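Results of the structural survey
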Amino acid sequence: MSPRSARLARLSRSVTFSACHRLHSKSLSDEENLKLFGKCNNPNGHGHNYKVTVTVRGEIDPVSGMVMNLTDLKEYMQEAVMAPLDHKNLDKDVPFFAEVVSTTENVAVFIWESLQRLLPPGVLYKVKVHETDQNVVVYKGEEAKAGE
C-alpha cells in the first residue's frame, strides 16, 4: 500500500463506574424472580464495579494520525456512561431501567444508544461491559431478525 491509501483502525477507551441494581422483572411474580435471579433479586439490591470499553472505528486521518481524538472520546464517554451511571441505583436513578431489567446486557444497550446520539454516524463499533471479571457482555448494535 502506498502512504496515501486509507488505513482503517479501531480505537478503544475504558472507564470504570460503580452502581447498584436489583435484577427483577415486572413481568414475573416475586417467586419467579427469585428463582430466575437468585441472590441478585435481593430487595435491597447489590452493587458492582463495572468496566466499560468503548471501541470506535474509522480511517486514520492522514494529518492527525488519529481515528478520533481521545479527548473527544473521553468526553463522549463521560456524558454517556459516567454521568448517568456512576454511583447510581440503576433501577431508580436511570429512567431507561424503569421498564427494562438492569442486566449487564441492557446496560450495554443503554450505553450503545447513549453513545450513538453523541458520536458521528457509523463510528461506534463495540461496547464491552464487564460486570465482574467473569461476566462480560459485548454489544455491537445488532438487532434480532424476526423469527431468530
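Now for a look at the structure at hand.

Analysis parameters
Residues numbered from 1 in each chain as written. Predicted model: local features only at pLDDT ≥ 70, side-chain atom pairs only at ≥ 80, totals over all residues. Heavy atoms only, no water. Helix = DSSP H or I, 4+ residues; strand = E, 2+ residues; numbered from the N terminus. Buried < 20%, exposed > 50% of the residue type's maximum accessible area, 1.4 Å probe, protein only. Contact = heavy atoms within 4.5 Å. Core = buried A, V, L, I, M, F, W, Y, C linked by side-chain atoms within 4.5 Å. Phe/Tyr/Trp six-rings, centres within 6.5 Å; stacked < 30°, edge-to-face > 60°. Pairing = 2+ DSSP bridges. Axes fitted to C-alpha atoms, helices over the stretch in contact; angles between N-to-C directions. Polar contact = N/O pair within 3.5 Å; in protein donor to acceptor, adjacent residues only side chain to side chain. Expected span 1.5 Å × (residues − 1). Bend = angle between axes of the 7 residues up to and from the residue.

**Quick word on the environment of N33**
Note on placement: N33 falls in helix α1 (residues 30-37). Among the residues examined, N33 registers a relative accessible area of 0% and is labelled buried. Residue contacts for N33: discarding those within four places in its chain leaves L23, H24, S25, L28, G38 and N41.

**Here we look at the nonpolar core**
Residues F17, V52, V81, I111 and V127 are the most contacted members of the largest nonpolar core, which totals 32 residues. Of all the elements in the fold, those that place two or more residues in this core are β1 (8-21), β2 (46-59), α2 (70-85), α4 (104-116), β4 (124-130) and β5 (136-139). Among the elements that line this core, the one with the most residues is α4, at seven residues. Not counting residues up to four positions away in its chain, the partners in contact with F17 are H48, N49, Y50, V52, V81, M82, L85, D86 and V107.

**Things to note about the packing of aromatic side chains**
Scanning the model with the defined rule gives five aromatic pairs in all. On the numbers, 4.7 Å between centres and 15 degrees between planes, the contact of F17 with Y50 is stacked. In this pair, F17 sits in strand β1 while Y50 sits in strand β2, placing the two residues 33 residues apart along the sequence. Assigned by exposure class, F17 and Y50 land together as buried.

**A few points about the pairing of β4**
Burial runs high along β4: five of the seven residues are buried. Here six bridges tie β2 to β4, and the two strands are oriented antiparallel to one another. By the bridge assignment, T55 is partnered in β4 with K126.

**What to know about the sheet that holds β4**
Here we have five strands laid out as an open sheet, ordered β3-β1-β2-β4-β5, and mixed in their pairing. The sheet terminates laterally at β3 (88-89) and β5, the two strands that pair on one side only. Where α2 meets the sheet, it contacts β1, β2 and β3, and its direction lies at approximately 25 degrees from that of β1. Helix-sheet contacts for α4 involve β1, β2, β4 and β5, and the interaxial angle to β4 is about 145 degrees.

**Topic: the side chain of T55**
The topology assignment puts T55 in strand β2. Within the local environment of T55, its side chain forms a polar contact with the side chain of S12, the two groups lying 2.6 Å apart. Apart from the residues within four sequence positions on either side, T55 is in contact with R10, L11, S12, V123, L124, Y125 and K126.

**Overview of α2**
Here α2 is 16 residues long and its end C-alpha atoms lie 21 Å apart, about the 22 Å a rise of 1.5 Å per residue gives. Largest kink in α2: about 40 degrees, centred on Q78. Within the sequence span of α2, burial applies to L73, M77, A80, V81, M82 and L85. For α2, the elements touching its buried residues are β1, β2, β3, α3 (90-93) and α4. For α2, the side-chain oxygen to backbone nitrogen distance between the N-cap and T71 is 2.8 Å, and the N-cap itself is N69.

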